[in-house]
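# Descriptive structure summary
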Amino acid sequence: RKISEKHDRVFATGCLNPEDAAKQPRANAAFVVLARNQELEGVIQSLKSIERHFNRWFHYPYVFLNDGEFTEEFKSGVQNYTSGKTEFGQIDPSMWGFPDWVDIEVAKEGIRKQGDAVIMYGGMESYHHMCRFYSGFFYKHELLDKYEWYWRLEPEIKYFCDITYDPFIEMARNNKTYGFTIAVKELKETVPNIFRYASAYKRKNKIKSQGLWEMFLEPPPEKAAEKKDNREKTFPNAILQTEVGHQNIEEIDPEDMEGEKYNMCHFWSNFEIARLDWFRSKEYEDFFQMMDHSGGFWMERVSFFVLEFANILTGVQWGDAPIHSLAAGALLAPKDIHYFRDFGYRHTTIQHCPANAPARQSPHIPYLEKTTLVEKERIEEDEYWANPDPPKENGVGCRCR
Ligand code: GDP
Ligand code: MN
């Protein structure tokens, strides 16, 4: 689906001097880093990268969050690499773990089954808690209360290009709610119960699409009869997960998705810049509550067909990425979303490289951008920090290395 330039354009083109942008006042914003003590090294790598490419000019604060207690080693370790204020918070058990309405044994059994099915992370209890925390709680953490905006930072990520303007300020100025840099598609064959619920939420609350929802839909099959067959074939095992939650979801007809089918596309949430008040809104909270009470954070089932491919699946369980994305699809419009097509960014094996992005040349911006693995003249962070030079021909996309 294409979004025309009138909806969303790059915030700055050409070469800017970050020191000029840094003379302006800051937004009320912070980096949010969820991590474990043992990830210190990966966190430092990310800090070196974001500091080098952005924060050495802008000095935004960092909020580090952990379900456990950060060690002194972690705290002093990260402070060697941060040019902004740092705060460290422990996540209350009310935001991490099983809620009291869940049958823990049933949920654990669900997790165990996913583990048996070799679904990546599926058998790891902490991963489920992390996804749920990022879906419905991080923005309620007391250390974030004072902030209006956040930028999510994960361990072991890399930025490639100097970011020479303030993305928070530009988001605010352009009235944006949610910003992403990579949108990915999962294997179609995964059972999209997540979509059934999101779709039911939309229907129950009589929410009309403002044009973003369509981004998450398969193009409709030509004939209605074939449509039904397709669904049977693709999701033979799809059952609503009523057994974990207590909420009566009987009124949701699993077959009634208004003929729509999830294309498994989602904003890759390990990078996000967004307004916190959207997450804090009643609409988002209702959405989260409904998704949560369905039990899907622990129990997403996969069809038999999928199990054969399970070892190559990532994130088929309800990750925070599809939760954030489908909530955006239901509640936001394309004009509320910003695609940071000018940010070079890498997480694990997927990266977005502006130099290679066709969108840079085109006024029409495909949201589903093909990401590439081409790396040109990359200067690693350690190499750079050993001999840092201020960018000369600096500017967005001008200096990707
Ligand atoms: P992936 O990106 O889907 O492979 O997931 P990650 O392992 O990178 O986890 C996503 C984020 O959550 C990262 O910032 C991790 O540091 C963090 N995270 C994951 N599990 C835990 C956990 O059990 N405790 C804490 N404190 N952080 C976690
Ligand atoms: Mn990660």
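What you see is a predicted model; the values in this text were computed from it and never measured. All residue numbers refer to positions counted from 1 along the written sequence of the respective chain. To label them, take the chains in the order written and letter them from A, then take the ligands in the order written and number them from 1. Residues qualify for local features only when their pLDDT is at least 70, as the model is predicted, and side-chain atom pairs are given and counted only at 80 or more; totals for whole chains, interfaces and linings, by contrast, use all residues. Here the side-chain values reflect all heavy atoms present in the structure, with hydrogen atoms and water set aside.

### Quick notes on the site of ligand 1
The cutoff for a nearby residue is simple: one of its non-hydrogen atoms must lie within 4 Å of the molecule or strand. With respect to spatial proximity, 14 residues lie near ligand 1, and among them L34, E39, D67, Y121 and Y127 are the closest. N or O atoms within 3.5 Å of each other form a polar contact, as long as, within protein, one can give a hydrogen and the other can take it, and as long as residues adjacent in sequence are counted only when both atoms are side-chain atoms. Taking N66, its side chain carries an N or O atom lying 2.9 Å from a nitrogen atom of ligand 1. Take D67: an N or O atom from its side chain is 2.7 Å from a nitrogen atom of ligand 1. Across the complex, the protein chains shield 88% of the 570 Å² of accessible surface that ligand 1 would expose by itself. Each helix corresponds to a stretch of at least 4 residues labelled H or I by DSSP, and each strand to a stretch of at least 2 residues labelled E; elements are numbered beginning at the N terminus. For the shell around ligand 1, the element with the most residues is helix α5 (residues 125–136), which contributes three residues. All residues other than Ala, Val, Leu, Ile, Met, Phe, Trp, Tyr, Cys, Pro, Asp, Glu, Lys and Arg, Gly among them, are scored as polar; the first ten of these are nonpolar and the last four charged. When grouped by side-chain class, the residues that make up the shell around ligand 1 number seven nonpolar, three polar and four charged. Exposure was quantified through the Shrake-Rupley algorithm and a 1.4 Å probe, taking into account, for residues, occlusion by the shown protein chains and nothing else.

### Section: the sheet that holds strand β12 (residues 345–347)
If you walk across this open sheet you meet the three strands as β6-β12-β13, and the pairing is antiparallel. A strand with exactly one partner marks an edge of an open sheet, and here the two such strands are β6 (157–159) and β13 (350–352). When strand polarity is set aside, the average angle formed by the axes of neighbouring strands in this sheet is 10°. With three bridges connecting them, β6 and β12 associate as antiparallel partners. Considered in β12, the bridge of I157 is made with H347. In this scheme, strands are said to pair when DSSP sees at least two bridges between them. Axis angles are defined between N-to-C directions and span 0 to 180 degrees, where every axis is a line fitted to C-alpha atoms and, for a helix, only to the segment in contact.

### A word on the coordination of the manganese ion (ligand 2)
Sodium, potassium and calcium take a 3.2 Å donor cutoff, other metals 2.8 Å, and in both cases only N, O and S atoms count; water is not among them, so sites may look incomplete. At 1.9 to 2.2 Å from the manganese ion (ligand 2) lie its protein donor atoms, namely E154 (OE) and H347 (NE2). Of this pair, E154 sits in the loop between β5 (149–152) and β6 while H347 sits in strand β12, and the two are 193 residues apart along the sequence.

### Quick word on the pairing of β5
The two faces of the sheet receive side chains in turn, since in a regular strand these alternate between them. Any residue under 20% of the maximum accessible area for its type is buried, any over 50% is exposed, and the rest in between are partly exposed; the area is computed with a 1.4 Å probe on protein chains only. Burial of the side chains of β5 extends over both faces: W149 and W151 are buried on one face and Y150 and R152 on the other. In the sheet, strand β2 (residues 29–34) pairs with β5 via four bridges, with the strands oriented parallel. Its bridge partner lying in β5, V32 is registered against R152. Here four bridges tie β5 to strand β10 (residues 272–275), and the two strands are oriented antiparallel to one another. Each residue of the ladder has a partner; that of R152, found in β10, is E272.

### Some remarks on unusual backbone geometry
At H59, a position not held by glycine, the phi torsion is positive, near 55°. Tracing the sequence through the fold places H59 in the loop between α2 (40–58) and β3 (62–66). By relative accessible area, H59 is classed as partly exposed at 40%. For E156, which is not glycine, the phi dihedral falls at a positive 60°. With respect to the helices and strands, the residue E156 is situated in the loop between β5 and β6. When its relative accessible area of 55% is taken as the criterion, E156 is described as exposed.

### Some points on the pairing of β3
Most of β3 sits inside the fold, with five of its five residues counted as buried. Here β3 shows two buried faces, one formed by Y62, F64 and N66 and the other by V63 and L65. Bridge count for β2 against β3 is four bridges, and the pairing is parallel. Each bridged residue has a counterpart across the sheet, and for V33 the counterpart in β3 is F64. Each parallel crossover has a hand, and the one from β2 via α2 to β3 is right-handed. Sheet topology note: the β3/strand β4 (residues 86–90) ladder contains five bridges and is parallel. Note that in β4 the partner of Y62 across the bridge is T86. With the strands aimed away from the viewer, a crossover counts as right-handed if its path from the first strand over the helix to the second runs clockwise. In this fold, the crossover linking β3 to β4 by way of helix α3 (residues 72–79) has right-handed handedness.

### Side note on the pattern of salt bridges
By definition, a salt bridge exists where a carboxyl oxygen of Asp or Glu is found within 4 Å of a side-chain nitrogen of Lys or Arg. Throughout the structure, instances matching the rule amount to 18 salt bridges. As a salt-bridge pair, E170 and R173 come within 2.8 Å of each other at their nearest N and O atoms. Taken together, the residues span about one helical turn, with E170 and R173 both in helix α6 (residues 167–173) at a distance of three residues. The exposure class of E170 is buried, given its relative accessible area of 13%. Here the salt bridges do not stand alone but share partners, grouping K85, E87 and K146 into one network.

Honestly, it's all geometry; don't read function into it.
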